[in-house]
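Spelled out from the first residue to the last, the chains are:
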Amino acid sequence: MDTRLELTFLGHQTWLVQGGGHRVLIDPVLNEAFGLPGRAECRIWPPRTVDAHLMPRPDAVVLTHEHLDHFHLPSLDLLDRRVPVYTGPLLPAPVEEAIAALGFTVHRVDHTTPIELGELRVTLYPAGAKTLFWEDRVVQPCLRVADGPAVFIAVDADPSDLYLQQVAEGTQPAPRMAVVSNNSQIVPPGMPASSVNLLPGMDGTRHKTGLSVLHQLLLDVLAPLDGVKDVALCGNGFLPPASPHGPFLYSDHPKMAAAANGLQHLFRVHGPRPGERLTVPAPPADKVTTDQVGWVRIDEQAEYETLVAHAAFLADPGDVQLVPLAEPPADDAQALAVVRAQLPRLGRELLATNAGMLACSIHEYLSGPLEAHRAVLRLKDGPQGELLQFAWDVTLADFVQVEATGREEAMAAYPFGAEMFFGDFAALLTGRLQVWDVAGGAMECWHIGGPLDSLVYAFFGIYGEHQRPDLAALTYQAMASAITAPAITR
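Residues numbered from 1 in each chain as written. Predicted model: local features only at pLDDT ≥ 70, side-chain atom pairs only at ≥ 80, totals over all residues. Heavy atoms only, no water.

Undergrad: Whenever I open this one, the pattern of salt bridges confuses me. Can you help?
TA: Should their charged atoms come close, side chains of opposite charge can pair. Within this structure, the stated rule accounts for 18 salt bridges. Between Asp136 and Arg137 there is a salt bridge; the shortest N-O distance is 2.7 Å. Given the relative accessible area of 10%, Arg137 is considered buried. When the shortest N-O distance is used, the salt bridge between Arg378 and Glu419 registers 2.7 Å. Taken together, the positions of Arg378 in strand E23 (residues 373-380) and Glu419 in strand E26 (residues 416-421) put the pair 41 residues apart, joining distant regions of the chain. In this pair, the class of Arg378 matches that of Glu419, namely buried. Each of Arg378, Lys380, Arg407, Glu419 and Glu444 takes part in one network of salt bridges that share partners. (Salt bridge = Lys/Arg side-chain N within 4 Å of Asp/Glu carboxyl O. Buried < 20%, exposed > 50% of the residue type's maximum accessible area, 1.4 Å probe, protein only. Helix = DSSP H or I, 4+ residues; strand = E, 2+ residues; numbered from the N terminus.)

Undergrad: What is the right way to look at a negative patch on the surface in this model?
TA: Together, Glu32, Asp299, Glu300 and Glu305 make up a negatively charged patch on the protein surface. For Asp299, the location among the structural elements is in the loop between strand E20 (296-298) and helix H6 (300-315). Taking the relative accessible area as the measure of exposure, Asp299 reaches 38% and is therefore partly exposed. (Patch = residues over 30% accessible without salt bridge, like charges linked within 9 Å, V, L, I, M, F, W, Y side chains within 5 Å. Areas by Shrake-Rupley, 256 points an atom, 1.4 Å probe, with all protein chains shown as cover. Lys, Arg positive; Asp, Glu negative; His and termini not counted. Charge placed at Lys NZ, Arg CZ, Asp CG, Glu CD.)

Undergrad: Would you explain the packing of helix H2 (residues 93-101) against helix H13 (residues 469-481) in this entry?
TA: Between two packed helices, the angle of one axis relative to the other and the distance separating the axes together describe the packing. For the pair H2 and H13, interaxial distance at closest approach is 9 Å and the crossing angle is 25°. Taken together, the axes of H2 and H13 are roughly parallel relative to one another. Where H2 crosses over H13, the two elements pack in a sense that is right-handed. Seen from H2, the contacting residues are Pro94, Val95 and Ala98; seen from H13, they are Pro469, Ala473 and Tyr476. Along the lines of polarity and charge, the residues of the contact of H2 with H13 split into six nonpolar, no polar and no charged. (Axes fitted to C-alpha atoms, helices over the stretch in contact; angles between N-to-C directions. Parallel < 35°, antiparallel > 145°, perpendicular 65-115°, else oblique. Left-handed = near helix turned anticlockwise from the far one by under 90°. Contact = heavy atoms within 4.5 Å. Nonpolar A, V, L, I, M, F, W, Y, C, P; charged D, E, K, R; others polar.)

Undergrad: How should the sheet that holds strand E16 (residues 238-239) be read in this particular structure?
TA: Across a sheet, strands are paired by hydrogen bonds formed along the backbone, either parallel or antiparallel in direction. The three strands are arranged E4-E5-E16 in an open sheet whose pairing can be described as antiparallel. Edge positions in the open sheet fall to strand E4 (33-34) and E16, since each of these has one partner strand only. Looking at chain direction, E4 and strand E5 (residues 42-44) are connected through two bridges and run antiparallel. Bridging across to E5, Phe34 finds its partner in Cys42. (Pairing = 2+ DSSP bridges.)

Undergrad: Honestly, the sheet that holds strand E15 (residues 230-234) in this entry has me stumped. Any pointers?
TA: Strand order in the open sheet formed by seven strands is E10-E11-E12-E13-E14-E15-E17, and the pairing between neighbours is mixed. Each edge of the open sheet is held by one strand with a lone partner, namely strand E10 (115-117) and strand E17 (268-270). Sheet twist, expressed as the average angle between the axes of neighbouring strands with direction ignored, equals 20°. Note: strand E11 (residues 120-126) against strand E12 (residues 139-145), seven bridges, orientation antiparallel. Across the sheet, Thr123 pairs through a bridge with Cys142, a residue of E12. Where helix H3 (residues 161-169) meets the sheet, it contacts E11, E12 and strand E13 (150-154), and its direction lies at approximately 120° from that of E11. Contacting strand E14 (177-181), E15 and E17, helix H4 (residues 210-220) runs over the sheet at an angle of about 135° to E15.

Undergrad: Could you clarify how one ought to interpret the pairing of strand E2 (residues 14-19) in this entry?
TA: Burial runs high along E2: five of the six residues are buried. By the bridge criterion, five bridges tie strand E1 (residues 5-11) to E2 in an arrangement that is antiparallel. Bridging from a neighbouring strand, Glu6 pairs with Gln18 of E2. Between E1 and E2, which pair antiparallel in sequence order, lie two residues; one of them, His12, sits at a positive phi of approximately 55°. Across five bridges, the pairing between E2 and strand E3 (residues 22-26) is antiparallel. Paired with Gln18 across the bridge in E3 is Arg23. Counted along the chain from E2 to the antiparallel partner E3, the turn is two residues long, and its residue Gly20 has a positive phi close to 60°.

Structure representation (structure tokens):
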């Protein structure tokens, strides 16, 4: 029996895995962009086209989680409705409902029951316990044909403790290949981003280098998986909306793989480009081979032009300003009413976050003893172009409007702060943007404490799909309404 596995990389974190005469499509993003339609859409990097009509027909789709760079309704719409969709037990219900509305059958499988497609088995393992809360519903596929080599895909999370336990006990073999997600998303130095702490001397991201990224991906993540012979890098494969600087730094996986292979000899690192197929051999063959499929094509001219623009930006970035992602509200008064109506809920839920608990535990800040106001929300370009400033009063567990100040004055008065566009915040509260869109390209923060004490991570917990499935359902409706391509029925 042929027990080898073939992994075709389609871009970002989409894979078509073939083995034992069957094929599994993982997290399909087949279009040239993903996300919500409009200015929040992210383009795949490097730019490529996937001919879905020429792509080998999958026997199953695996959806690892609900984030829009993995769950893309227009891409699912390109597939035969007879293809079953498999996912884990914790996927938010509106995701399943949106897929079912397209005509697919969704199967939730637990973490001990493999999906069997002939001799090809796919087991969906839960994310590791240390995974940050906005990724803790991720499932990580392990694929194997009969007793052949296994491939473990560590999607967007710490490696599954259950999988590591089974490998340690010998009930599962150590994987022949591991696929790891590079989600470093490092912007050029000095550029605005939600991950940058605006407080002077507190920006830990400036110490993040290519070497630290490689250390995390190849040593920290893979340390429990002794025996892995090959590693494939993926992730960071998109251009964020409204970004002035082009590709994320450290997203050139062929270059990262070459650097990693020059620095160590524990395993062979691969940095595939879209359309590259990695063949994991069955014993006694030992070497992973690569070739190119014909139904995925990179737009080399567009890639070259973007890289030239990226290099020019790095040489002379100038004064970079964030721009809003949402269209201006049609009715400012109505948008303001939505914001005011939602602030009490935000004020209550903030108490249980890292930022909220730390804010309540401190007593002094730069200007001396702190009173009840411990954080501030600054909304730019509000009605009549004004800046709206709301202080979080911990005695009320609510936000109260206060006189708007300059940013420097606000940073000196409040140990925690978030600044975004009024229209974007209103769009977030009405399901026209997701928190990942706003935090990814149109939000800035400051905070004391560690990185996870930032208000941006509080927002992830408060407005993520797991916490607000009602808002998520609205975004899926918007994404579904933009579908125009005909489905494949072969």
